[in-house]
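Next come the chains, spelled out residue by residue.
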2 protein chains.
Amino acid sequence: MLNKLTSSDIAFFQGLLGTNAFLDAENKHKYSHDETEDITILPEIVLKPQSPQEIASILSYCNNHKIAVTPSGARTGLSGGAIPLHGGVALSLEKFNKIISIDENNHQVTVEPGVITQVLQDAVKEKGLFYPPDPASRGSCFIGGNIAENSGGPKAVKYGVTSDYVLNLEVVLATGEIIWTGANVLKNATGYNLTQLIVGSEGTLGIVTKIVLKLIPHPTHNLLMLVPFYNAESACEAVAEIFKAGITPSGLEFMERDALTWTRDFLKDDSIVIGDNHAAHLLIEVDGFNPDVLMDDCTRIMDVLSNFETDEILFAESEAQKDALWRLRRSVGEAVKSNSIYKEEDTVVPRYTLPQLLHHVKRIGEKYGFNSVCYGHAGDGNLHINIIKGDLTDDVWENELPVAIRELFTQVVKLGGTLSGEHGIGLVQKPYMDIAFDEKGLSLMKSIKNVFDPNGILNPGKVI
Amino acid sequence: MLNKLTSSDIAFFQGLLGTNAFLDAENKHKYSHDETEDITILPEIVLKPQSPQEIASILSYCNNHKIAVTPSGARTGLSGGAIPLHGGVALSLEKFNKIISIDENNHQVTVEPGVITQVLQDAVKEKGLFYPPDPASRGSCFIGGNIAENSGGPKAVKYGVTSDYVLNLEVVLATGEIIWTGANVLKNATGYNLTQLIVGSEGTLGIVTKIVLKLIPHPTHNLLMLVPFYNAESACEAVAEIFKAGITPSGLEFMERDALTWTRDFLKDDSIVIGDNHAAHLLIEVDGFNPDVLMDDCTRIMDVLSNFETDEILFAESEAQKDALWRLRRSVGEAVKSNSIYKEEDTVVPRYTLPQLLHHVKRIGEKYGFNSVCYGHAGDGNLHINIIKGDLTDDVWENELPVAIRELFTQVVKLGGTLSGEHGIGLVQKPYMDIAFDEKGLSLMKSIKNVFDPNGILNPGKVI
């Protein structure tokens, strides 16, 4: 139903944007993929508008001419959200790169979507303020992409995910109107929650052009420990026990043996001793404003861990050692990627059921003959499962693996969980949406999509 | 477009529910109003179903026969959400009164909508767990009503509002299907956020029949202080300064002089000394797990307050004194109600702009000749403005006041705020929705309503 670009379409975009409309192979290739596996689909044109009004003109035109528009941030996504499945326009938000204002009086920041998340975090930290959501890609991803995917990261376990910080959004709709979804307030009972409908909608309902975020005081102290376990399921069991003891760590990460050894080799960082009998590690951080309280938290965590069989616990003794440990954790994804073709699932379950989830992953792996490397934000039940292609044939990879993944997601949903905790559905998880939602739920989502985007031009083929 | 009940409709409901279908005057009167001003509209029948399936049958029938259905909780609402504007069915959720399970392993609770909020809070507190949202009516309101209105309360300033705790909802749709909106997980990037679309939708999109809530460890200690100010705007200024000092109180309430004196008289509680020159009070609570940290927080708050002209600060010395202070605060609404006919606005603004908001309230009051009593959750910028009828004529009250309120809300929106922080729009704020949203935003909301409820049977005439 969507149309290929004609020469008059191209002339329109060039007339509107001048040199910010790109037809060259380099740009087309750059916007043909994100960090999702090895999928590449070329757009027909790359547009880099500079104002909401320019985006409104683009969308209005594309809506009238039924041309696909795929919004594109820093292309660090892991579910294929930025891949221009239907060709058409790749709409880059990279020129929306301003922090508009940091409101120290109200602990809020207004920012454009093309600002790199870490740049935003650093800017507000200078004022003593904290924007906690910190995906592994925070050094390169855009805050707009975080909104689109409802990104999480290690801090989510204590501080929540992106959606918990979004107060208000300026959005260009498919039909070219520009709206604000809410107000710049901490609580809001005024009509339907359009803000949270846009967060996590992966660019299928509108293009976000301004973002108002809540900030909190930046914690001044933290402590970090790395705990080796002889048994991976036992490490998962310890996770829920820590919370049951009344402690809320600011990071509680799980890494299976291979996740850590591959990353150590990938980074050529042998500062961490990984024993032959270490099956998994927990990386545990506590943060706050009072060092004594944090020491007390650590003591209580040690008490919990004393009920499990662990090897010697490493306490980070310097900021450099903390950075090195976090660098290891943040690099797991890249390390796995450099090692083999893989598929990443972003499962999330109630955290007490993590040992069961891990058990199912390995059981289903054995049944279908694949290996997996598991790691992730165990504190909020979010396990990244990297399925390794290794020696599997293309036939098995393409035809049997989807059956195995379906079986896995079915177990996840039985445990009270769902398909994605923070990566989104995009392209690659879309075939499994019927496991998470029944027909009526999906039909509601399709109808909502139709309300916002009646011609289906916005990021077509994604989510639903 | 909606139909009055026929004898065959009544026969259907009686056949379906037997003695749980009520036609008597007492029940009709009971379900004709909530706590909103003095509005009373009788339903044609009151139904008290006992299962989601019974609700599905009722909605399916009403959808086919175009009969209005107004969901009804404990009828403590302040925006008229439970008033059966179009007659038809008043659908009481009072028989959905079970706490289904408290999941200590995952810090979650599954509960039916007709459970009283405080009963839920007490039940999870026995397990050391905390459900923070606590509207003033928590001793009588239903958790389902809290979901419908996205209720807040004094703890919201530190712990967030109802929506921050809702993980998953079972909802009966207008067409009789039953869906779950999400999953029982702490983070979710799986499709559109149907859960947060239902929260705060005031019974216009579906009937919530099961609720999965996140819980957190219950704080073990708190400190409470009452601070008298000689100037009300100055009290409002102190609010933002406390946060700017990096402190996050667990309660930060503002009460204008009349709010406190009227409540003291209403409760016949003269334990609080209110000086002749006290213009307003702040009630400030800090909570946590470590008494030393709380003492330190209080010292830092005192440091901030030393920059303002305050009278002697009262520290609550016992649990009884804390209870008495909170009882005063929680009773302000009732006290005002007992004093005069009034209209309550639930304005919310970025907290630093509170002094400006208060200034506008008084300025507009002078212009239109009304008095107001202001109080509320200043920490999150949520000011309840009770406009007092006093000696105003009915003509002024009915014809001039809406003009004044429109002027007030226009200022609120200019300050970055919106119409309602926690009471909802319901019936009484609906005429002002065009101030908070432009035509396109409202038209999106109407279209979403139409997706969920094509015949407009669910709580007709509310919100939009």
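These numbers were taken from a predicted model, which means no experiment stands behind them.

**Notes on helix α14 (residues 394–414) of chain B**
Residue and element names in this part refer to chain B.
Here is step 1: For α14, spanning 21 residues, the distance from its first C-alpha to its last is 30 Å, which sits close to the expected 30 Å at 1.5 Å a residue.
Here is step 2: Listing the buried residues of α14 in full gives Val-396, Trp-397, Leu-401, Ala-404, Ile-405, Glu-407, Leu-408, Phe-409, Gln-411 and Val-412.
Here is step 3: As for α14, its buried residues are in contact with β16 (342–348), α13 (354–368), β18 (382–388) and α15 (433–436).
Here is step 4: A positive phi of about 95 degrees marks Gly-416, the residue just after α14.

**So, the relation of the copies chain B and chain A**
One copy of the chain maps onto the other through a rotation about an axis followed by a shift along the same axis.
Here is step 1: Between the two copies, chain B and chain A, the superposition gives an RMSD of 0.0 Å; the rotation angle is 180 degrees and the shift along the axis is 0.0 Å. Taken together, the rotation angle and the small translation identify this as a two-fold axis.
Here is step 2: Mapped onto chain A, 100% of the interface residues of chain B again fall at the interface, so both copies present the same surface.

**Let's talk about the side chain of Asn27(B)**
Residues and elements named next belong to chain B.
Here is step 1: Inspection of the secondary structure assignment puts Asn-27 in helix α2 (residues 25–30).
Here is step 2: Within the structure, the side chain of Asn-27 is placed 3.1 Å from the side chain of Lys-48, a separation counted as a polar contact.
Here is step 3: Ignoring anything within four residues of it in the chain, the contact list for Asn-27 reads Phe-22, Val-46 and Lys-48.

**Notes on the nonpolar core**
One broad trend across soluble globular proteins is that nonpolar side chains are buried collectively.
Here is step 1: Core analysis: the largest hydrophobic core is formed by 176 residues, its most contacted members being Leu213(A), Phe254(A), Leu213(B), Phe254(B) and Phe452(B).
Here is step 2: Among all residues touching Phe254(A), those that are not within four sequence positions of it are Ala232(A), Ala235(A), Cys236(A), Ala280(A), His281(A), Leu282(A), Leu358(A), Cys374(A), Tyr375(A), Gly376(A), Ala378(A) and Leu383(A).

**Brief notes about helix α11 (residues 319–330) of chain A**
Here is step 1: A rise of 1.5 Å per residue sets the reference length of α11(A), with its twelve residues, at 16 Å; its end C-alpha atoms lie 16 Å apart and thus fit the reference within 8%.
Here is step 2: Every buried residue belonging to α11(A) is among Lys322(A), Leu325(A), Trp326(A), Leu328(A), Arg329(A) and Arg330(A), and all of these are buried.

**A few points about the packing of helix α1 (residues 7–17) of chain A against helix α3 (residues 52–65) of chain A**
Residue and element names in this part refer to chain A.
Here is step 1: Direction vectors running N to C along α1 and α3 enclose 170 degrees, while the axes themselves pass 11 Å from each other. For the element pair α1 / α3, the angle class is roughly antiparallel. Contacts between α1 and α3 involve Ser-8, Asp-9, Phe-12, Phe-13, Leu-16 and Leu-17 from the former and Glu-54, Ser-57, Ile-58, Tyr-61, Cys-62 and His-65 from the latter.
Here is step 2: Here the contact of α1 with α3 is built from residues that sort into seven nonpolar, three polar and two charged.

**Let's talk about the domain arrangement of chain A**
Here is step 1: Under the domain assignment, chain A is made up of domain 1 (7–94), domain 2 (99–217), domain 3 (221–333) and domain 4 (340–440).
Here is step 2: The gap between the C-alpha centroids of domain 1 of chain A and domain 3 of chain A is 42 Å.

**Let's talk about the pairing of strand β6 (residues 108–111) of chain B**
Residue and element names in this part refer to chain B.
Here is step 1: Here β6 shows no split at all, with Gln-108 and Thr-110 on one side and Val-109 and Val-111 on the other all buried.
Here is step 2: Here strand β5 (residues 99–103) pairs with β6 via four bridges, running antiparallel. Note on β6: the bridge partner recorded for Ile-99 is Val-111.
Here is step 3: Of the pairings in the sheet, the one linking β6 to strand β10 (residues 207–214) comprises four bridges and is antiparallel in character. Along β10, the bridge assignment pairs Thr-110 with Val-212.

**Quick word on empty space enclosed by the protein**
Here is step 1: All chains considered together, the criterion is met by three cavities of 30 Å³ or more.
Here is step 2: Its boundaries defined by the atoms lining it, the largest cavity holds a volume of some 40 Å³.
Here is step 3: Taken together, the residues of the lining of the largest cavity sort by class into two nonpolar, one polar and three charged.

**Overview of the packing of aromatic side chains**
Here is step 1: In this structure the tally under the stated criterion is 14 aromatic pairs over all chains.
Here is step 2: For the ring pair Phe229(A) and Phe308(A), a centre distance of 6.4 Å and an interplane angle of 70 degrees mean the geometry is edge-to-face. Remark: Phe308(A) occurs in the loop between α10 (291–305) and β15 (314–315) and Phe229(A) occurs in strand β12 (residues 221–229); sequence separation between them is 79 residues. The burial state of Phe229(A) is the same as that of Phe308(A); both residues are buried.
Here is step 3: Of the aromatic side chains, those joined through ring pairs into one cluster are Phe12(A), Phe13(A) and Tyr61(A).
Here is step 4: It is Lys48(B) that lies over the ring of Phe22(B); its NZ or CZ is 4.4 Å from the centre.
Here is step 5: A cation sits over an aromatic face here: Lys214(B) above Tyr165(B), 5.3 Å from the ring centre.

**Some details on the pattern of salt bridges**
Here is step 1: Across all of its chains, the model carries 48 salt bridges over all chains by this definition.
Here is step 2: Residue Lys4(A) is joined to Glu44(A) by a salt bridge in which the shortest nitrogen-to-oxygen separation is 3.6 Å. Taken as a pair, Lys4(A) in the segment before α1 and Glu44(A) in the loop between α2 (25–30) and β2 (45–47) lie far apart in primary sequence, 40 residues in all.
Here is step 3: By relative accessible area, Lys4(A) is classed as exposed at 57%.
Here is step 4: Between Glu35(B) and Lys337(B) there is a salt bridge whose closest N-O contact spans 3.0 Å. Taken together, the positions of Glu35(B) in the loop between α2 and β2 (45–47) and Lys337(B) in helix α12 (residues 332–339) put the pair 302 residues apart, joining distant regions of the chain.
Here is step 5: A residue is classified by how much of its surface remains accessible, and Glu35(B), at 35% relative accessible area, is partly exposed.
Here is step 6: Taking relative accessible area as the criterion, Lys337(B) reaches 28% and is therefore assigned partly exposed.
Here is step 7: Salt bridges sharing common partners tie together Lys187(A), Asp380(B) and Glu422(B).

**Topic: the interface of chain B and chain A**
It is common to give the size of an interface as the accessible area lost on bringing the parts into contact.
Here is step 1: Taken together, the contact pairs 81 residues of chain B with 81 residues of chain A.
Here is step 2: Interface area for chain B against chain A, summed over the two sides, is near 5,900 Å², with a carbon-plus-sulfur share of 63%.
Here is step 3: It is Lys187(B), Thr190(B) and Tyr192(B) that lose the most area in chain B upon contact with chain A, and together they represent 16% of the buried surface on that side.
Here is step 4: The interface formed by chain B and chain A includes six salt bridges.
Here is step 5: With its nearest N and O atoms 2.8 Å apart, the salt bridge here joins Lys187(B) to Glu422(A).

Cut-offs and rules
- Residues numbered from 1 in each chain as written.
- Chains lettered and ligands numbered in written order.
- Predicted model: local features only at pLDDT ≥ 70, side-chain atom pairs only at ≥ 80, totals over all residues.
- Heavy atoms only, no water.
- Helix = DSSP H or I, 4+ residues; strand = E, 2+ residues; numbered from the N terminus.
- Expected span 1.5 Å × (residues − 1).
- Buried < 20%, exposed > 50% of the residue type's maximum accessible area, 1.4 Å probe, protein only.
- Contact = heavy atoms within 4.5 Å.
- Least-squares fit on C-alpha atoms with pLDDT ≥ 70 in both.
- Polar contact = N/O pair within 3.5 Å; in protein donor to acceptor, adjacent residues only side chain to side chain.
- Core = buried A, V, L, I, M, F, W, Y, C linked by side-chain atoms within 4.5 Å.
- Axes fitted to C-alpha atoms, helices over the stretch in contact; angles between N-to-C directions.
- Parallel < 35°, antiparallel > 145°, perpendicular 65-115°, else oblique.
- Nonpolar A, V, L, I, M, F, W, Y, C, P; charged D, E, K, R; others polar.
- Domains from an automatic or database assignment.
- Pairing = 2+ DSSP bridges.
- 1 Å grid on protein atoms, 1.4 Å probe; cavity = no way out; pocket = protein on both sides within 12 Å on 5 of 7 lines; lining within 4 Å.
- Points joined across faces, edges and corners; volume = space filled by probe spheres on them.
- Phe/Tyr/Trp six-rings, centres within 6.5 Å; stacked < 30°, edge-to-face > 60°.
- Lys NZ or Arg CZ within 6 Å of the ring centre and 35° of its normal.
- Salt bridge = Lys/Arg side-chain N within 4 Å of Asp/Glu carboxyl O.
- Buried area = accessible area lost by both parts, 1.4 Å probe.

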